[in-house]
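Fold and contact review
What follows is each chain in one-letter form.
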Amino acid sequence: MSRVGIAGLWHETNTYAVACFGLSLLVYWSAPRAARAGGHFYTVAISYEVLVAFAVGVINQCEPRALAGRLSWLCVMILIFPSLVPGPPRKVLLGSLLAASMDPVGLLIARARGLELPSLALLVWTYWPNYICAGLAVLPSKIIAHLGRKVSRARQLGSYRLVERIGSGGMGEVWRAEHQL
């Protein structure tokens, strides 16, 4: 029996997986800075979603096969991402549509490598759920945005706006408030 070396066990999909892990660490490290910078946080988040979706799409299509009757892992990612990283519904839709397109991009890469692709009708039928999930991903972002507006309204007491909680005890809480005028 011959032994296969480590290099023989390494598959190109492992490179994408390691790159995604490295990208995840980079985003974990840079997310607090981006959040403090304001509007850049969601740009970082969408970029992360699309880059990881690209890697998943390429890995899914390393050996092109139609996943007819099964959902792509991209569907799971597209549906969960807006709940973990809530954002404006339009940006969520944009990021989700881009992520949903990564299985077809993976197919184009497989075709460029000279691999045979399934029929177009089968591909459309197989990857249509990705785009349905992209549309559904907007729902959590709308719900979270609506709840955020409710919390903002709830933090107003008449003509006062609650700023921060100073302390709390057994009988209540003390808040610093600002008058709206």
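Data block above holds the structure.
Residues numbered from 1 in each chain as written. Predicted model: local features only at pLDDT ≥ 70, side-chain atom pairs only at ≥ 80, totals over all residues. Heavy atoms only, no water.

1. What to know about the environment of Leu-23
The test is simple: Counting from the N terminus, the helices are DSSP H or I runs at least four residues long and the strands are E runs at least two residues long. The contact criterion used throughout is that any non-hydrogen atoms of two residues lie within 4.5 Å.
With respect to the helices and strands, Leu-23 occurs in helix H2 (residues 12–37). A sequence separation of 28 residues divides Leu-23 from Leu-51, and the C-alpha atoms of the two residues are 8.6 Å apart. In contact with Leu-23, other than residues within four places in its own chain, are Tyr-48, Leu-51 and Val-52.

2. Observations concerning helix H3 (residues 40–60)
Since there are 3.6 residues in each turn of an α-helix, residues three or four apart along the chain are aligned in direction. Rule in force here: Every helix has an expected span of 1.5 Å times one less than the residues it contains. Think of it in three bands: residues with accessible area under 20% of the maximum for their type are buried, residues over 50% are exposed, and the middle band is partly exposed, with areas taken using a 1.4 Å probe on protein chains only.
The end-to-end C-alpha distance of H3 is 30 Å, a good match for the 30 Å that 21 residues give at a rise of 1.5 Å each. All of the buried residues in H3 are Tyr-42, Ala-45, Ile-46, Glu-49, Val-50, Val-52, Ala-53, Ala-55, Gly-57, Val-58 and Asn-60.

3. Concerning helix H8 (residues 138–154)
So the rule is basically this: An arc is given here, and it is the one of the directions from the helix axis to the C-beta atoms.
Here H8 spans 24 Å end to end across 17 residues, near enough to the 24 Å set by a 1.5 Å rise per residue. The complete set of buried residues in H8 reads Val-138, Pro-140 and Ser-141. Along the axis of H8, the buried positions cluster into a sector of 160 degrees, meaning they face one direction only. Projecting away from the buried face of H8 at angles above 90 degrees are the exposed residues Ile-143, Arg-153 and Ala-154. Tucked inside the fold, the buried residues of H8 contact helix H4 (73–84), helix H5 (89–100) and helix H7 (120–136).

4. Points about the nonpolar core
Formally: Nonpolar cores are built from buried Ala, Val, Leu, Ile, Met, Phe, Trp, Tyr and Cys residues. Side-chain atoms within 4.5 Å join them into one set.
If you look at the biggest cluster of nonpolar residues, it comprises 21 residues, and the most contacted ones within it are Tyr-42, Ala-53, Leu-74, Met-77 and Ile-78. Of all the secondary-structure elements, those providing two or more residues to this core are H3, H4, H5 and H7. Top contributing element to this core by residue count: H3, with 7 residues. With near-sequence residues (within four places) excluded, Ile-78 lies in contact with Glu-49, Ser-96, Ala-99, Ala-100, Asn-130, Cys-133, Ala-134 and Ala-137.

5. A short note on the pattern of salt bridges
In plain terms, the rule: By definition here, a salt bridge exists when the distance from a side-chain nitrogen of Lys or Arg to a carboxyl oxygen of Asp or Glu is within 4 Å.
The full count for this structure, using the stated rule, is 4 salt bridges. Measuring nitrogen to oxygen at the nearest pair gives 3.1 Å for the salt bridge that ties Arg-165 to Glu-173. Judged by relative accessible area, Glu-173 falls into the partly exposed class, the value being 46%. Residues Glu-178 and Arg-176 are paired through a salt bridge, measuring 3.6 Å at the closest nitrogen-oxygen approach. The class for Glu-178 is partly exposed, based on a relative accessible area of 34%. What makes Arg-176 partly exposed here is its relative accessible area of 35%.

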